[in-house]
Amino acid sequence: QVALVESGGGLVQPGGSLRLSCVASGSSFTIYTMGWYRQTPGKQRELVATITTGRTTDYADSLKDRFTISRDNAKNTVYLQMNGLKPADTAVYYCHVRWRASIVTPLRTSWGQGTQVTVSS
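Summarised in this report is the structure supplied together with it. (Residues numbered from 1 in each chain as written. Predicted model: local features only at pLDDT ≥ 70, side-chain atom pairs only at ≥ 80, totals over all residues. Heavy atoms only, no water.)

## Some points on the pattern of salt bridges
When the charged atoms of two side chains lie near each other, side chains of opposite charge can form a pair.
1) Next: Counted under the stated rule, the structure contains four salt bridges.
2) Next: For Asp89, the salt bridge identified is with Arg38, shortest N-O distance 3.0 Å. Separated by 51 residues along the polypeptide, Asp89 in the loop between strand S8 (77–82) and strand S9 (91–100) and Arg38 in strand S4 (residues 30–39) bring together distant segments of the chain.
3) Next: Residue classification places Asp89 among the buried residues on the basis of a relative accessible area of 1%.
4) Next: Residue Asp89 pairs with Arg66 through a salt bridge whose shortest N-O separation is 2.8 Å. Here Arg66 lies in the loop between strand S6 (57–59) and strand S7 (67–72) and Asp89 lies in the loop between S8 and S9, a separation of 23 residues in the sequence. Residue Asp89 shares its accessibility class with Arg66, and that shared class is buried.
5) Next: Through salt bridges with shared partners, one network takes in Arg38, Glu46, Arg66 and Asp89. (Salt bridge = Lys/Arg side-chain N within 4 Å of Asp/Glu carboxyl O. Helix = DSSP H or I, 4+ residues; strand = E, 2+ residues; numbered from the N terminus. Buried < 20%, exposed > 50% of the residue type's maximum accessible area, 1.4 Å probe, protein only.)

## Regarding the packing of aromatic side chains
Each aromatic ring pair is specified by the distance between its two centres and by the angle formed by the two planes.
1) Next: For the coordinates displayed, the defined rule picks out one aromatic pair.
2) Next: Sitting above the plane of the Tyr79 ring, Arg19 keeps its charged end 4.0 Å from the centroid.
3) Next: Sitting over the ring of Tyr94, Arg45 keeps its end group 3.6 Å from the ring centre. (Phe/Tyr/Trp six-rings, centres within 6.5 Å; stacked < 30°, edge-to-face > 60°. Lys NZ or Arg CZ within 6 Å of the ring centre and 35° of its normal.)

## A word on the environment of Ser102
1) Next: Summarising the element assignment, Ser102 is placed in the loop between S9 and strand S10 (108–111).
2) Next: According to the relative accessible area criterion, Ser102 is partly exposed, its value standing at 29%.
3) Next: Separated by 74 residues in sequence, Ser102 and Ser28 place their C-alpha atoms 7.7 Å apart.

## Focus on the nonpolar core
1) Next: Formed by 30 residues in total, the largest nonpolar core has its most connected members in Trp36, Leu80, Met82 and Tyr93.
2) Next: The greatest single-element share of this core, amounting to five residues, is contributed by S9. (Core = buried A, V, L, I, M, F, W, Y, C linked by side-chain atoms within 4.5 Å.)

And the structure:
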């Protein structure tokens, strides 16, 4: 199993920045796509950004100008740099990882516990 631990959330004023981190840990696994999703009360979880092993990225159209996803494969870590934050960005942000234990086992998904981001003056 792969466990994900997120950090970096918090309270920030409009226009400010935050950097989220998510570290994957476990025994004997290979990580493929990593990403971030977010969710607000009463709404479905939505895609923020994903990044492949080869660092190909995909963003929600409304966020690509302000958010940047990156990863450090050696550290099994994915980052989300968020700039120009708006109150509408307030949400719980979840890390998402696709992985497999070996080449012959199926691709699996793990989610982090979520980190709260609040944008408010």
